[in-house]
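Fold and contact review
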Amino acid sequence: MKISVLGAGCIGGSIALKLKEKHHVTAFDRDEETMKALEENGIETVSKESDLYDTDLLVLALPMSVEERFLKETDFSGKILDVASVKTPFMEIARERELNFTGGHPMAGNERKGKSGWDREMFGGKIFFLCSLDGKEDGMIENIVKDLGARPLWIDYRIHDEIVAAVSHVQYLISLSARYVGKPFEEYAGPGYLSNTRLSKQNMEMALDMIRYNKENILKYLENARNFLNVFYHLIEKEDFENLKKAIKEVIS
């Protein structure tokens, strides 16, 4: 199949590298160094965005603010799959504009930015959420996801945004909090601290986008986290270790 990838950051570049094993992949990125790296990895590039449009599938791997603008302005009428970690605003734009759009989101990635984060095996065994505008599953797109080595999972886009707020977006803020607490003593830190703070090192602009576009869900689960920590604070303050033990067991059981 002919597959075009628009945006070759950590996720887009990794998708292009993996799909190249089975498909004819063409890519475009506005960064010249990224374009050079794509070519060095045997991926065909084009001189402008619209040259990607002769394709069976256009994969959008853009920053969310750029994707929003693209969806509002594009005249591309073919199949589109995006990979943004928030779905609702983009699904609603696509519905309004009657685009042939499937919302996608691989539960995969790393904290590195751009081509330094490329990893063709990034998606192996990972869930790849898919969201349909009409409630129908697209077999072609599902097969492309399987070619990435991922596990396609169709889901309502609103539920998707709630899930990722809890297990991903708020986790970034919690990781940032852990880094804030430990930063004065990082030179003494062991693997536990490094594990807890890994997410805080991800692309800040991407993190700000996910907060901006998934604000309500993030606030909901951030409030849950704040209340949970308050319970711990007060139990420790009172030296109520029996109830502290119960509270910990409720979480880990």
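Here's a quick rundown of the structure. (Residues numbered from 1 in each chain as written. Predicted model: local features only at pLDDT ≥ 70, side-chain atom pairs only at ≥ 80, totals over all residues. Heavy atoms only, no water.)

Pairs can form between side chains of opposite charge whenever their charged atoms are close. Per the counting criterion, the structure on display carries 16 salt bridges. The salt bridge involving K2 is made with D54; its shortest N-O contact spans 3.0 Å. Of this pair, K2 sits in strand β1 (residues 2-6) while D54 sits in the loop between β3 (44-45) and β4 (57-60), placing them 52 residues apart in sequence. Classification of D54 by relative accessible area gives exposed; the value is 59%. (Salt bridge = Lys/Arg side-chain N within 4 Å of Asp/Glu carboxyl O. Helix = DSSP H or I, 4+ residues; strand = E, 2+ residues; numbered from the N terminus. Buried < 20%, exposed > 50% of the residue type's maximum accessible area, 1.4 Å probe, protein only.)

The next subject is the packing of helix α3 (residues 64-73) against helix α8 (residues 204-213). Closest axis-to-axis distance for the α3/α8 pair is 9 Å, and the angle between their directions is 60°. One element, α3, and the other, α8, form an angle in the oblique class. Across the interface between the two elements, M64, S65 and E68 of α3 pack against M206, D209, M210 and Y213 of α8. Grouping the constituent residues of the contact of α3 with α8 by class yields four nonpolar, one polar and two charged. (Axes fitted to C-alpha atoms, helices over the stretch in contact; angles between N-to-C directions. Parallel < 35°, antiparallel > 145°, perpendicular 65-115°, else oblique. Contact = heavy atoms within 4.5 Å. Nonpolar A, V, L, I, M, F, W, Y, C, P; charged D, E, K, R; others polar.)

So, on to a nonpolar patch on the surface. Together, F228, L229, I248, V251 and I252 give the surface a local cluster of nonpolar side chains, amounting to about 490 Å² of exposed area. Secondary structure elements with two or more residues in the nonpolar patch: α9 (215-237) and α10 (241-252). Counting residues per element, the nonpolar patch draws most heavily on α10, at three residues. Assessed through its relative accessible area of 52%, V251 is described here as exposed. (Patch = residues over 30% accessible without salt bridge, like charges linked within 9 Å, V, L, I, M, F, W, Y side chains within 5 Å. Areas by Shrake-Rupley, 256 points an atom, 1.4 Å probe, with all protein chains shown as cover.)

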